[in-house]
Amino acid sequence: MSVAVLDRPRSKAIARPAPPDPLISMRAVCKGYGSGVTRNEVLSNINLNLRKGEFLAIVGFSGSGKTTLTKLLAGLEIPDSGEIVMDNEIIKGPSQERGIVFQNYSLLPWLTVRGNIALSVDRVFKHWSRGERRDHVEKFIEMVGLSHAVHRRPHELSGGMRQRVSLARTLAMKPNVLLLDEPLSALDALTRSVLQEEILKIWEEERQTCLLITNDVDEAILLADRIVPLNPGPNASLGPAFSVELERPRDKTALNHNETFKGLRNAVTNYLVAVRQKSRDDEALASEAPPIELPELQPRSLRVPRGRAG
Amino acid sequence: MNWRGNALKFCDVAGLPALEPFVRLLAGEDVKEQLKGIAKFVVLPVAAVAVFLLLWSAAARTVVTDSMQLPSPTDTWTAGKELFAMHSAQRAEDLKVKQEKTMQAVTLLAQANSVTKQAESATGERKETLLANALVLKKKAVQAANYRPSSAPTFVDQIITSLKTVFVGFAIATLIAVPIGVLCGMSPWCNAALTPFIQIFKPVSPLAWLPLAFLIIVWAYSGTKPGENFFDKAFLISAITVSLCSLWPTLVNTTLGVASVDKDYMNVARVLKLSWSQQLFKIILPASLPLMFAGLRISLGVGWMVLIAADMLAQNPGLGKFVWDEFQNGSSQTYARIAFSVIIIGLIGLLLDRIMIFMRNLVSFGDPQAA
């Protein structure tokens, strides 16, 4: 299970045009932390093609190295071996081309909603006039529906609103690729569902290349074109890709009764559960103590013979 | 209803929980609960102060020697009132003298002008003499106009001197400690290099620093005459002693604040590719302000405490010198005055602390901490 299989030809696959060029490809990427005995291999042999204009979801259990994967893609971490290529260039550091939305929002608490978004806009579009930049900021605040809260600071916002700000901040940078690192995991179920639909709406308008990392299979199916499971770590690798053949625009309520949706959900969930079971079995097997060689000894009675006692 | 929210926010940020129940009462909230709040934050402290005053009075009757006596609260209060009365009397007198001098200057100037006029019509040697006379008169007028009362500093003057000294010392300390702290926080190497100095000098008492500060000031002022310099020598010695002692909390806290900036903020900075200075001014400094201000608050507290001792030793005409002089004088009022100045020193310290808490809460968004 160490070599990831991508797009394994499947019998049911519908004929479709040749896949567009990959925008980002990861080739045999490995990443671990620490050294010596405490060395912990997080990801091993990751191969992944992110195609132009596609919405790709990576689904995995918590602790399987999802965040490390996003950090690698964002350029915040550098792979130990293998390479990540974007537009024929090896990724060596973070870039404004790859916008990232963090799980914990990471908004700057001393800036208002507008200030947080303006910080990235002012930086990315330095050459624009002041007015252009302000209009750009306003446009994205409106896009995420926060026009009434422009002057508030993050601590005065709910979790959902914070994540909207974070999303607007990243979208406003107009990145080529949008990396969403479990953007909705910290939200309650209702807010989560609302934001899923909003992300879906925004994405269907912009059709930006997007990579979503999530632990929610339903969310992945709702949003993505392809789903790649991440096998649990240590030494996490990618599983086979599942294509999501659902018509867009998608409607969350209608999908609940859709047979394709149900089948896909079962397939992905079953795969993940099976892989985790296997990983646990392997771990149990590996951690079993090596057979101890017993000395050749015969049990012998050390009891004092009765007669001599006392 | 917005004024209520704003007022409550102000109470929170200013660290004044005592005002909160009153605001809520005005806003028409549950009376019983607010009375409980008032009892806790107002009635109880007042009662505690009353008990303290009773104990103090009892102690004042007990602690008596042949020549000295612990001043009672009333003695202290009287002494305090007297100190302020002396201050206003002195001020009134100074004002009177000043007015007299001004009048004198006006008359002198008028005389000088008339003499100059006479000189215009005169000729020869007489003209020279008249002009010289006018010059002398003008000089006298200027002198009178620039008259500064040279009376001994009053209690209020001493308070002001003390505050000036502590602020100058604190400003010097901040200007040194914040940049070094930022440097140490950003570079673990720099921190490792400076840690030994911080560890060794931090616990040193002001009294040990003072002679060294004295030496440095004397060296810096060698070759200049008194009166030529903007700052008085004793003032600078006190101020520098204050800064040497109040440097450390700011330094340590700034280092900590800068070193512990949230990694996520730094990731944001990295994705945006902020330049070094932008990272510093847009991310690192704002993020570390709350801890920095916590350090500044401790620094100012330490500075105020140290100042009294420094004033005593350096003979800087502040509150420390006042206490020391009173102690040396040994009049019947000595101890009452000292007790009064103790209370004043405490109250000013409290005020400074409150101001720093307020400032810290202004910069810590989301979690203003109570004092």
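Reading guide: rules and limits
- Residues numbered from 1 in each chain as written.
- Chains lettered and ligands numbered in written order.
- Predicted model: local features only at pLDDT ≥ 70, side-chain atom pairs only at ≥ 80, totals over all residues.
- Heavy atoms only, no water.
- UniProt positions renumbered as here; feature names shortened; annotations may be inferred.
- Helix = DSSP H or I, 4+ residues; strand = E, 2+ residues; numbered from the N terminus.
- Rg over C-alpha atoms; globule rule 2.2 N^0.38 Å.
- Buried < 20%, exposed > 50% of the residue type's maximum accessible area, 1.4 Å probe, protein only.
- Areas by Shrake-Rupley, 256 points an atom, 1.4 Å probe, with all protein chains shown as cover.
- Lys, Arg positive; Asp, Glu negative; His and termini not counted.
- Charge placed at Lys NZ, Arg CZ, Asp CG, Glu CD.
- Phe/Tyr/Trp six-rings, centres within 6.5 Å; stacked < 30°, edge-to-face > 60°.
- Lys NZ or Arg CZ within 6 Å of the ring centre and 35° of its normal.
- Pairing = 2+ DSSP bridges.
- Right-handed = clockwise from strand over helix to strand, strands pointing away.
- Patch = residues over 30% accessible without salt bridge, like charges linked within 9 Å, V, L, I, M, F, W, Y side chains within 5 Å.
- Salt bridge = Lys/Arg side-chain N within 4 Å of Asp/Glu carboxyl O.
- Contact = heavy atoms within 4.5 Å.
- Axes fitted to C-alpha atoms, helices over the stretch in contact; angles between N-to-C directions.
- Polar contact = N/O pair within 3.5 Å; in protein donor to acceptor, adjacent residues only side chain to side chain.
- Domains from an automatic or database assignment.
- Buried area = accessible area lost by both parts, 1.4 Å probe.
- Nonpolar A, V, L, I, M, F, W, Y, C, P; charged D, E, K, R; others polar.

- As recorded by an unreviewed UniProt entry, chain B carries the name Bicarbonate transport system permease protein CmpB and is attributed to Stieleria magnilauensis.
- The heading Sequence similarities (unreviewed entry) in the UniProt record of chain B holds the text "Belongs to the binding-protein-dependent transport system permease family."
- Turning to chain B, the UniProt annotation filed under Subcellular location (unreviewed entry) states: "Cell membrane".

- Identification of chain A as Bicarbonate transport ATP-binding protein CmpD from Stieleria magnilauensis is taken from an unreviewed UniProt entry.

### Describing the overall build of chain A
- When helices and strands are counted, chain A shows eight helices and ten strands.
- Its C-alpha radius of gyration of 25 Å places chain A more than 25% over the 19 Å reference for a compact globule of 310 residues.
- Dimensions of chain A, computed from the C-alpha atoms along their principal axes, are close to 110 × 50 × 40 Å.
- Within the span of chain A, comprising 310 residues, buried residues form 47% of the whole.
- Surface exposure of chain A reaches about 16200 Å², of which carbon and sulfur atoms provide 52%.
- When the 42 positive and 38 negative side-chain charges of chain A are each reduced to one mean point, those points stand 4 Å apart.

### What to know about the packing of aromatic side chains
- A complete count under the given rule lists 14 aromatic pairs over all chains for this structure.
- Ring centres of A:W110 and B:Y265 lie 5.7 Å apart, and the angle between their planes is 90°; on these two criteria the pair is classed as edge-to-face. Placement of A:W110 in the loop between β6 (98–101) and α2 (113–124) and of B:Y265 in helix α10 (residues 263–271) is noted, with the two residues assigned to different chains. Here A:W110 and B:Y265 have matching classes, each one buried.
- These aromatic residues form a ring-pair network of at least three members: B:F84, B:F155, B:F322 and B:F340.
- Above the ring of A:F61, the side-chain terminus of A:R276 is found at 4.0 Å from the ring centroid.
- One cation-aromatic arrangement involves B:K101 over B:Y147; the distance from NZ or CZ to the ring centre is 5.3 Å.

### Observations concerning the pairing of strand β8 (residues 209–214) of chain A
Residue and element names in this part refer to chain A.
- Counting buried residues along β8, six of its six residues qualify, which places the element largely inside the surrounding structure.
- Burial along β8 is two-sided: the residues T209, L211 and I213 and C210, L212 and T214 are all buried.
- As judged from the five bridges shared by strand β7 (residues 177–181) and β8, these two strands associate in the parallel manner. Looking across to β8, one finds that L179 is bridged to L211.
- Between the parallel pair β7 and β8, the chain is carried across by helix α5 (residues 189–206), and the sense of this crossover is right-handed.

### Remarks on a nonpolar patch on the surface
- Taken together, the side chains of B:F10, B:L16, B:L19 and B:F22 present a nonpolar region at the surface, about 330 Å² in accessible area.
- Checked against the element boundaries, B:L19 lands in the loop between α1 (2–14) and α2 (20–26).

### Some details on the sheet that holds strand β2 (residues 40–51) of chain A
All names here are of chain A.
- Taken together, four strands build an open sheet; the order of strands is β2-β1-β4-β5 and the sheet is antiparallel. The open sheet has two free edges, formed respectively by β2 and β5 (89–90), since each of these has just one partner strand.
- Note that strand β1 (residues 22–33) and β2 share eight bridges and pair antiparallel. Looking across to β2, one finds that Y33 is bridged to N40.
- Contacts from helix α1 (residues 66–74) reach β1, β2 and β4 (81–86) within the one sheet, and its direction differs from that of β1 by about 125°.

### Remarks on the UniProt feature "transmembrane region" (unreviewed entry) in chain B
- Here, UniProt's "transmembrane region" (unreviewed entry) annotation points to residues 41–59, 166–192, 204–222, 234–259, 280–310 and 334–352 of chain B.
- Measuring from the first to the last C-alpha atom of residues 204–222 of chain B gives 27 Å, for a span that is 84% helix and 0% strand.

### Structural notes on the side chain of A:R250
Residue and element names in this part refer to chain A.
- Looking at the element boundaries, R250 is found in the loop between β10 (242–243) and α7 (252–255).
- Buried charge without a salt bridge: R250, with D225 as the nearest opposite-charge side chain at an N-O distance of 4.2 Å.
- Within the structure, R250 has its side chain in polar contact with the backbone oxygen of I221 (distance 3.0 Å).
- Polar contacts involving the side chain of R250 include one to the main-chain carbonyl oxygen of L246, which spans 3.5 Å.

### Remarks on the domain arrangement of chain A
Residues and elements named next belong to chain A.
- If you check the domain split of chain A, you get domain 1 (52–78 + 175–282) and domain 2 (98–174).
- Its C-alpha centre places domain 1 at a distance of 24 Å from the equivalent point of domain 2.
- Contact residues are listed per partner, giving 25 residues for domain 1 and 18 residues for domain 2.
- For the pair domain 1 and domain 2, the summed buried surface comes to about 1900 Å²; carbon and sulfur atoms form 62% of the total.
- For the pair domain 1 and domain 2, the number of links is one salt bridge.
- Here R164 makes a salt bridge to E198, at a shortest N to O gap of 2.8 Å.
- Put simply, domain 1 and domain 2 have nine residue pairs in polar contact (both at pLDDT 80 or more) between them.
- Only α1, β7 and α5 provide two or more residues apiece to the side of domain 1 that touches domain 2.
- Here the side of domain 1 that touches domain 2 is built from residues that sort into 15 nonpolar, six polar and four charged.

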